[in-house]
Amino acid sequence: MGLPAGAFDGAAEQPRQEPLRTEFEFELPRGYVDESGTVHRRGAMRLATARDELVPLRDVRVRENPAYLSVVLLGRVITRLGSLPSVHDGTVENMFASDLAFLQDFYRQINAEGHTRAAVACPHCEESFEVELAGSRLGES
């Protein structure tokens, strides 16, 4: 049983989709402080691949301490941070806890939702709205 003729011709009727976005910019709440004392806040993270999520499972540090998984994983998907020549798990390991938590949430947001908008509600009036997480500092809109 085959598909009817023209089954794939509906593309012309659908609205044009944006190209797939695979990298998302962010700004850390505190910033990574390198060995010279320079603070790096702005960076970018790419979408994770299946390999990115599987390879860290073979890492001895992850086997000994499953909480280390996010450090290794983030070290693989952060493509740039400030003027650092490279970002790796050692970089992530030395970040402030608040920045690590931010990056874990950011990772979940872009990989689960495919965008950096989050639905929130005002704690006072309970009105729902969306905020943009990428490239914005906490408390700014």
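Residues numbered from 1 in each chain as written. Predicted model: local features only at pLDDT ≥ 70, side-chain atom pairs only at ≥ 80, totals over all residues. Heavy atoms only, no water.

**Here we look at the pairing of strand S2 (residues 39–46)**
Which entries qualify depends on this criterion: In this scheme, strands are said to pair when DSSP sees at least two bridges between them. Secondary structure follows DSSP: runs of H or I at least 4 residues long count as helices, runs of E at least 2 residues long count as strands, and numbering of each begins at the N terminus.
Strand direction decides the pairing type here: strand S1 (residues 23–33) and S2, joined by seven bridges, are antiparallel. Within the sheet, the bridge partner assigned to Glu27 lies in S2 and is Arg42. Hairpin connection, S1 to S2: the antiparallel pair is bridged by five residues, and Gly37 has positive phi, about 95 degrees. Here three bridges tie S2 to strand S3 (residues 78–81), and the two strands are oriented antiparallel to one another. Paired with Ala44 across the strands is Arg80, a residue of S3.

**Looking at the nonpolar core**
Rules: As used in this record, nonpolar core signifies buried Ala, Val, Leu, Ile, Met, Phe, Trp, Tyr and Cys residues forming a set joined through side-chain atoms within 4.5 Å. Burial here depends on accessible area, computed with a 1.4 Å probe over protein chains only, as a share of the maximum for the residue type. Under 20% is buried, over 50% is exposed, and the range in between is partly exposed. Contacts are assigned to residue pairs that have any heavy atoms within 4.5 Å of one another.
Phe26, Met45, Leu74, Ile78, Leu81 and Leu103 are the most contacted members of the largest nonpolar core, which has 23 residues in total. Setting aside residues up to four positions removed in sequence, Leu103 forms contacts with Phe26, Leu28, Met45, Leu74, Ile78 and Met95.

**Let's talk about helix H5 (residues 97–112)**
To keep it simple, the criterion reads: Expected helix span is taken as 1.5 Å per residue step, with the number of steps being one fewer than the number of residues. Our arc is simply the arc of the directions from the helix axis toward the C-beta atoms.
A rise of 1.5 Å per residue sets the reference length of H5, with its 16 residues, at 22 Å; its end C-alpha atoms lie 22 Å apart and thus fit the reference within 8%. All buried positions along H5 are accounted for by Asp99, Phe102, Leu103, Phe106, Tyr107, Gln109 and Ile110. The buried residues of H5 occupy an angular sector of 165 degrees when projected down its axis, which confines them to one face. The outward face of H5, more than 90 degrees from its buried face, is lined by the exposed residues Ala97 and Ala112.

**Focus: the sheet that holds S2**
To be explicit about the condition: Here, axes are lines fitted to C-alpha atoms. For helices the fit covers the stretch in contact, and angles between N-to-C directions go from 0 to 180 degrees.
One open sheet accounts for three strands, arranged S1-S2-S3; its pairing is antiparallel. Looking at the sheet topology across the chains shown, the edges are occupied by S1 and S3. Geometrically, the sheet is characterised by an average inter-axis angle of 25 degrees between neighbouring strands, direction not taken into account.

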